[in-house]
Amino acid sequence: MTRPVFRFAPSPNGELHLGHAYSALLNADLAEAAQGRLLLRIEDIDIARCTPEYEEGIYRDLAWLGLSWEEPVRRQSDHFDDYHAALERLIDEDIVYPAFMSRGEVRAKIADAEAEGRAWPRDPDGTPLYPTDERRLSARARKRRMADGDPFAWRLDVDAALSIAGGRLSWTEGGSGPGGETGEVVATPAAWGDVVLARKDTPTSYHLSVVIDDALQGVTHVVRGRDLFHATSVHRLLQALLGLAAPICFHHDLILGDDGRKLSKTRNDTALAALCDAGLTPVDIRRMVGL
Ligand code: GLU
């Protein structure tokens with residue numbers, strides 16, 4: 001029997017807090033119940049914000065919680081070549097283009113449209129979509145601007161991508177989305193517009209590296225916070241484009257702070273290290289997150 005594969009995939013850009021504990025413990029519990037494997041993946045593509053100290057903190061805090069995981073741990077910053085190869089494929093297929101507009105230019109364009117009474121579309125997080133004008137830039141103009149050293153990001157032309165991926169994309173949701181979506185959920189990647197797949201200083205993006213790694217590592221079950229529910233639509237599109245299998249998803253509740261807001265890595269009172277120092281035990285942590 002091939003065993004189900006679960007993964008916990010934190011980013012070492014801050015201290016792990018109660019929300020991470022919940023996600024990690026839930027992954028471990030579900031893996032155990034399914035007689036599956038549990039992988040730990042370090043998502044450190046943002047090399048400016050991720051540090052070896054935070055990475056050490058992840059191993060320390062998870063071990064303190066009583067978790068164990070398979071070695072070697074995959075660290076994304078060791079695998080930029082894998083993501084680059086996938087990006088090249090999408091560039092060759094002409095569904096990824098260099099996007100040169102600065103934040104200020106985008107803002108001005110949106111302000112102009114809104115001044116004319118046109119509503120500008122927003123993504124599920126409420127951020128205005130990137131304008132689509134540069135999809136049509138000629139190959140010559142692209143080459144020239146890149147050769148001139150103009151800063152740019154590689155963006156997915158979502159309409160071209162959808163026409164290649166064809167058909168209806170969906171995934172199996174064992175948890176639930178913010179609107180209670182569960183079971184077979186239809187993916188709506190166009191809601192995100194032309195997402196960034198790589199930047200000059202970060203040669204990949206969360207979306208690209210997560211789908212590559214989940215596939216390379218044979219992940220069958222993605223258990224993560226509900227804040228990433230809508231991102232799954234983009235992941236399904238990338239999986240279809242790159243010929244990768246779609247894992248089953250389980251999006252879980254977010255642990256909220258006393259103020260009712262999502263916990264942040266910069267607020268120290270719910271950091272696992274601080275709770276450990278204050279004398280709490282892993283059993284207390286389980287109880288606090290409702291497991
Ligand atoms: N690295 C992401 C985070 O720390 C989680 C990614 C995922 O589980 O897909 O929020």
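Relevant structure appears above.
Residues numbered from 1 in each chain as written. Predicted model: local features only at pLDDT ≥ 70, side-chain atom pairs only at ≥ 80, totals over all residues. Heavy atoms only, no water.

A. How the structure looks around the overall build of the protein. When its secondary structure is counted, the protein shows ten helices and ten strands. Computed over its C-alpha atoms, the radius of gyration of the protein comes to 20 Å, within 12% of the 19 Å expected for a compact globule of 291 residues. Expressed as lengths along the three principal axes of its C-alpha atoms, the size of the protein is roughly 60 × 45 × 35 Å. Burial statistics for the protein: of 291 residues in total, 47% are counted as buried. As displayed, the protein offers around 14,600 Å² of accessible surface, 51% of which is attributable to carbon and sulfur atoms. Each charge sign in the protein was given a centre, from 34 positive and 45 negative side chains, and these centres are 4 Å apart. (Helix = DSSP H or I, 4+ residues; strand = E, 2+ residues; numbered from the N terminus. Rg over C-alpha atoms; globule rule 2.2 N^0.38 Å. Buried < 20%, exposed > 50% of the residue type's maximum accessible area, 1.4 Å probe, protein only. Areas by Shrake-Rupley, 256 points an atom, 1.4 Å probe, with all protein chains shown as cover. Lys, Arg positive; Asp, Glu negative; His and termini not counted. Charge placed at Lys NZ, Arg CZ, Asp CG, Glu CD.)

B. Inspection of the pairing of strand β2 (residues 37-42) at higher detail. Counting buried residues in β2 gives five out of six residues, a clear majority hidden from the surface. Where strand β1 (residues 5-8) meets β2, four bridges bridge the pair, whose relative direction is parallel. Bridge assignment links F8 to a residue of β2, and that residue is L40. Read as a crossover between parallel neighbours, the route from β1 over helix α1 (residues 18-33) to β2 is right-handed. Bridge analysis of β2 against strand β3 (residues 74-75) gives two bridges, and the strand direction is parallel. In the sheet register, R41 faces β3, and the bridge partner there is R74. Chirality of the crossover, the property in question, places the unit of β2, helix α2 (residues 52-64) and β3 among those that are right-handed. (Pairing = 2+ DSSP bridges. Right-handed = clockwise from strand over helix to strand, strands pointing away.)

C. Structural context of the environment of Y59. Looking at the secondary structure, you find Y59 in helix α2. Once the C-alpha coordinates of Y59 and D214 are considered, the two residues, 155 residues apart in sequence, prove to be 20 Å apart. Among the polar contacts made by the side chain of Y59, one reaches the side chain of E55 at a distance of 2.7 Å. (Polar contact = N/O pair within 3.5 Å; in protein donor to acceptor, adjacent residues only side chain to side chain.)

D. Expanded view of the site of the ligand. Near the ligand, the surroundings consist of R7, A9, P10, S11, E43, Y206, V210, R224 and L228. E43 is positioned such that a nitrogen or oxygen atom in its side chain is 2.6 Å from a nitrogen atom of the ligand. The fraction of the free accessible surface of the ligand (300 Å²) that becomes covered by protein chains is 79%. Residues belonging to the shell around the ligand are distributed by class as follows: five nonpolar, one polar and three charged. (Near = heavy atom within 4 Å. Nonpolar A, V, L, I, M, F, W, Y, C, P; charged D, E, K, R; others polar.)

E. Inspection of the pattern of salt bridges at higher detail. One pass over the structure, following the stated rule, counts 23 salt bridges. When the shortest N-O distance is used, the salt bridge between E43 and R41 registers 3.0 Å. For R41, a relative accessible area of 0% translates into the label buried. D150 is the salt-bridge partner of R145, the closest N and O atoms lying 2.9 Å from each other. A relative accessible area of 29% means that R145 is categorised as partly exposed. (Salt bridge = Lys/Arg side-chain N within 4 Å of Asp/Glu carboxyl O.)

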